[in-house]
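# Examination of the molecular architecture
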Amino acid sequence: MLSMLFFHPHPMGMGRLYWLVIGLLTLGILAFPGRHFFVNAWKQFKHRQANMDTLVAMGTGTAWLYSMAVVLFAPWLPEVAQGIYFEASAMVIGLILLGNAMELRARAAPAMR
């Protein structure tokens, strides 16, 4: 994610390969640490309900899918539509998991006294 702050190549040529690698790394974040958001969202969907996991899964999944579409089809898209949001997907998952960990630690702290 830090490299994306300083190195943001155009998604064509070698830049396309760079973004493809970043996209696959981001998919790893969505598939492993963020897996429970998607599993819970699917369970809620089957019961015609929604919760926070649904919002997280829809937001991060859509950002990832759109970014992959840009990487794969950049030559055919207008330049204004070539935004890449892999870092947003990873950051949302990471920050929510950090918040969950902090909440669990805060709840456990009084019991430890």
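Heads up: the structure comes first, above all this text.
These notes cover the structure that comes with them.

Reading guide: rules and limits
Residues numbered from 1 in each chain as written. Predicted model: local features only at pLDDT ≥ 70, side-chain atom pairs only at ≥ 80, totals over all residues. Heavy atoms only, no water. Helix = DSSP H or I, 4+ residues; strand = E, 2+ residues; numbered from the N terminus. Rg over C-alpha atoms; globule rule 2.2 N^0.38 Å. Buried < 20%, exposed > 50% of the residue type's maximum accessible area, 1.4 Å probe, protein only. Contact = heavy atoms within 4.5 Å. Patch = residues over 30% accessible without salt bridge, like charges linked within 9 Å, V, L, I, M, F, W, Y side chains within 5 Å. Areas by Shrake-Rupley, 256 points an atom, 1.4 Å probe, with all protein chains shown as cover. Salt bridge = Lys/Arg side-chain N within 4 Å of Asp/Glu carboxyl O. Expected span 1.5 Å × (residues − 1). Polar contact = N/O pair within 3.5 Å; in protein donor to acceptor, adjacent residues only side chain to side chain.

### Quick word on the overall build of the protein
- When helices and strands are tallied, the protein shows 5 helices and 0 strands.
- Traced from its N-terminal end to its C-terminal end, the protein shows the element sequence α-α-α-α-α.
- For the protein, the C-alpha radius of gyration of 17 Å lies well beyond 13 Å, the compact-globule estimate for 113 residues.
- Dimensions of the protein, computed from the C-alpha atoms along their principal axes, are close to 55 × 35 × 20 Å.
- Here the protein holds 113 residues, and the buried ones make up 30% of them.
- For the protein, contacts bridging at least 24 residues in sequence account for 55% of all contacts bridging at least 6.

### A short note on unusual backbone geometry
- Positive phi, normally seen in glycine, also occurs at arginine 48, with a value near 55°.
- Position of arginine 48 among the secondary structure elements: in the loop between helix 3 (35-46) and helix 4 (52-73).

### Quick notes on a nonpolar patch on the surface
- Side chains of Met14, Leu17, Leu20, Val21, Leu24, Leu25, Leu27, Leu72, Phe73, Trp76 and Leu77 sit close together on the surface and give an oily, nonpolar patch of about 1100 Å² of accessible area.
- Elements represented by at least two residues in the nonpolar patch include exactly helix 2 (14-31) and helix 4.
- When residues of the nonpolar patch are assigned to their parent elements, the largest contribution, 7 residues, is made by helix 2.
- For leucine 20, the position within the fold is in helix 2.
- Relative accessible area serves as the criterion here: at 31%, leucine 20 is assigned to the partly exposed category.

### Some remarks on the environment of proline 33
- Mapped onto the elements, proline 33 comes out in the loop between helix 2 and helix 3.
- Assessed through its relative accessible area of 40%, proline 33 is described here as partly exposed.
- Between the C-alpha atoms of proline 33 and lysine 46, which are 13 residues apart in sequence, the distance is 22 Å.
- Here proline 33 is in contact with Gly28 and Leu97, once residues within four sequence places are set aside.

### With respect to helix 4
- Over its 22 residues, helix 4 extends 31 Å from the first C-alpha to the last, a length consistent with the 32 Å expected when each residue adds 1.5 Å.
- Turning to helix 4, its buried residues are Asp53, Thr54, Val56, Ala57, Thr60, Gly61, Ala63, Trp64, Ser67, Met68, Val70 and Val71.
- The backbone nitrogen of aspartate 53 has a side-chain oxygen 3.1 Å away, supplied by the residue at the start of helix 4, namely asparagine 51.

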